[in-house]
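Residue-level structural notes
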Amino acid sequence: MSDLGLLLRKAREQRGYTLDDIQEITKIRKRYLEAIESGDYKVLPGSFYVRAFVKTYAETVGLDAEEVLRLYHKELPKAQASETGAPEPYIQPKSRRVQHNDRVGKVVVTSLMWLFPILIAVVIYVYYANNKTETNKPSETTPPPSLTTETALPSSAATPTPTATPTPTPTPPQTTVTFREKKNSRYYFDVSPAGNHVMKITFPGGKSWVGVNENNSSGKSIYGKTPEQSEVLTFELGETPLYVNLGFAKGALIEIDGIAVDDEDVPGRRRFIFTVTDGAGGSASPTP
């Protein structure tokens, strides 16, 4: 067994994956995975695919693929000139039309989220103004000035009953998703206000492997596989931060309470960590 194969196998076993699991996640045939672990690269269809398969395998078991390729580049066969231009067969590029529709959708959702509180404020103002106008109108039971004291209605009937002013319903705080920093190839986002939020992942641009863990990549695994393109994944984001690993970020769209997360719309792998904060720059619950 090669040093690279031993590294990949140990990482796989530490995550509790079998070769059948890796085959299901990456769509790479099991016999190719066995050849990579044993260092028998002649079994693979070409030297170009050796590096592509090794990179995908490393990412799936939580390793830094670029660092693995750099450390073991001498062990891997070099790609032939006829192979270097070949695309990876399992990545589906997103069309320009899908990119355009995705951006338009993000703008529409953001606009609606801003207009909703304004609409509520206008309705409350109109309701309050109408009630104030009705209160200021003279009562129909008040006798005209020409009537004598004997013919006037009792003062209790002539006095209008004051109308209670309704208390405006407080508008719930709007969810905000703020990019904080990029560190160790991970994109950190803060979500406020404190409380529970709903994360939704869809796939308008193509299928993508999805891994979701609590806190970070080493935390408890919540989800880890490649869903169908028509599936909608939903997760609850609360006190515990969520680590999201997308194998093909360009194909996926992450939304929190309907707010789209800006992933720069570029192909390749993306890793995110979402933390709920109190809106004052602190976490709602510290990450252990």
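Reading guide: rules and limits
Residues numbered from 1 in each chain as written. Predicted model: local features only at pLDDT ≥ 70, side-chain atom pairs only at ≥ 80, totals over all residues. Heavy atoms only, no water. Helix = DSSP H or I, 4+ residues; strand = E, 2+ residues; numbered from the N terminus. Buried < 20%, exposed > 50% of the residue type's maximum accessible area, 1.4 Å probe, protein only. Contact = heavy atoms within 4.5 Å. Pairing = 2+ DSSP bridges. Phe/Tyr/Trp six-rings, centres within 6.5 Å; stacked < 30°, edge-to-face > 60°. Salt bridge = Lys/Arg side-chain N within 4 Å of Asp/Glu carboxyl O. Expected span 1.5 Å × (residues − 1). Arc of directions from axis to C-beta. Axes fitted to C-alpha atoms, helices over the stretch in contact; angles between N-to-C directions. Parallel < 35°, antiparallel > 145°, perpendicular 65-115°, else oblique. pLDDT = per-residue confidence, 0-100. Patch = residues over 30% accessible without salt bridge, like charges linked within 9 Å, V, L, I, M, F, W, Y side chains within 5 Å. Areas by Shrake-Rupley, 256 points an atom, 1.4 Å probe, with all protein chains shown as cover. Polar contact = N/O pair within 3.5 Å; in protein donor to acceptor, adjacent residues only side chain to side chain.

We now examine the overall build of the protein chain. Scanning the protein chain from terminus to terminus reveals seven helices and ten strands. Relative to its full complement of 288 residues, the protein chain shows a buried share of 35%. Long-range contacts, defined here as pairs at least 24 residues apart, represent 64% of the contacts in the protein chain between residues at least 6 apart.

Attention shifts here to the sheet that holds strand S6 (residues 233-237). Overall, antiparallel pairing links the four strands, which are arranged S6-S3-S8-S9 in an open sheet. In this open sheet, the two edge strands, each paired with only one partner strand, are S6 and strand S9 (259-260). One ladder, built from two bridges, connects strand S8 (residues 253-256) with S9; its direction is antiparallel. Looking at S9, one finds that Ile256 is bridged to Ile259.

This part takes up the packing of aromatic side chains. Two measures describe an aromatic ring pair: the distance that separates the ring centres and the angle between the ring planes. Per the stated rule, a full pass over the model turns up nine aromatic pairs. Centroid distance Tyr49 to Phe53: 5.9 Å. Interplanar angle 40°. Geometry classified as tilted. You can see Tyr49 and its partner Phe53 sitting in helix H4 (residues 47-60), four residues apart, about one turn around the helix. Its relative accessible area of 21% is what places Tyr49 among the partly exposed residues. Plain terms: the ring middles of Phe189 and Phe272 are 6.2 Å apart, the flat faces sit at 45° to each other, and that makes the pair tilted. You can see Phe189 sitting in strand S2 (residues 186-192) and its partner Phe272 sitting in strand S10 (residues 270-276), a full 83 residues away along the chain. Across the pair, exposure class does not vary: Phe189 and Phe272 are buried alike. Put simply, the rings of Phe179, Tyr187, Phe189, Phe272 and Phe274 touch in pairs and so form one group of aromatic residues.

Attention now moves to the pattern of salt bridges. Across all of its chains, the model carries nine salt bridges by this definition. Of the charged contacts, one joins Glu24 and Lys27 as a salt bridge, the two residues approaching to 3.5 Å between their closest N and O atoms. Judged by its relative accessible area of 47%, Glu24 is partly exposed. Taking the shortest distance from any N to any O, the salt bridge between Glu181 and Arg180 comes out at 3.5 Å. The network of salt bridges with common partners includes Arg180, Glu181 and Asp190.

Let us now look at helix H1 (residues 3-14). With twelve residues, H1 should reach 16 Å at 1.5 Å per residue; the first-to-last C-alpha distance of 17 Å fits that figure. Among all positions of H1, only Leu4, Gly5, Leu8, Ala11 and Arg12 are buried. Buried residues along H1 cover an arc of 130° about the axis, so they all sit on one side. Facing away from the buried side of H1 by more than 90 degrees, the exposed set consists of Asp3 and Gln14. Looking at the buried residues of H1, the elements they touch are helix H2 (19-26), helix H3 (30-38), H4 and helix H5 (65-71). Positioned one or two residues after H1, Gly16 has a phi angle of 80°, which is positive.

This brings us to the packing of H3 against H4. Two elements in contact, H3 and H4, have axes separated by 11 Å at closest approach and are oriented at 90°. Considered as vectors, H3 and H4 are oriented roughly perpendicular to each other. Along the contact surface, H3 presents Tyr32, Leu33, Ile36 and Glu37, while H4 presents Phe53, Val54 and Tyr57.

When you line up the elements, Arg12 lands in helix H1. When neighbours within four sequence positions are excluded, Arg12 is seen to be in contact with Tyr17, Thr18, Leu19, Ile22, Glu37, Tyr57 and Val61.

Turning our eyes to something else, we now look at the confidence of the model for the protein chain. Overall, the prediction assigns the protein chain a mean pLDDT of 79, with 75% of residues at 70 or greater. The low-confidence segment residues 81-98 (pLDDT under 50) makes 27 contacts with residues lying over four places distant or belonging to another chain. Below a pLDDT of 50 lies the segment residues 284-288, which in the model reaches nine contacts outside its immediate sequence neighbourhood of four places, other chains included.

A surface patch of nonpolar side chains, amounting to about 610 Å² of accessible area, comprises Leu112, Leu115, Ile118, Val122, Tyr125 and Val126. Counting through the fold element by element, Val122 comes out in helix H6 (residues 96-136). The class for Val122 is partly exposed, based on a relative accessible area of 45%.

So, about the side chain of Thr60. You can see Thr60 is positioned in helix H4. The class for Thr60 is buried, based on a relative accessible area of 6%. One polar contact links the side chain of Thr60 to the main-chain carbonyl oxygen of Thr56, over a distance of 2.8 Å. In this view, Thr60 contacts Arg15, Tyr17, Ile22, Ile25 and Thr26; residues no more than four positions away in its chain are not counted.

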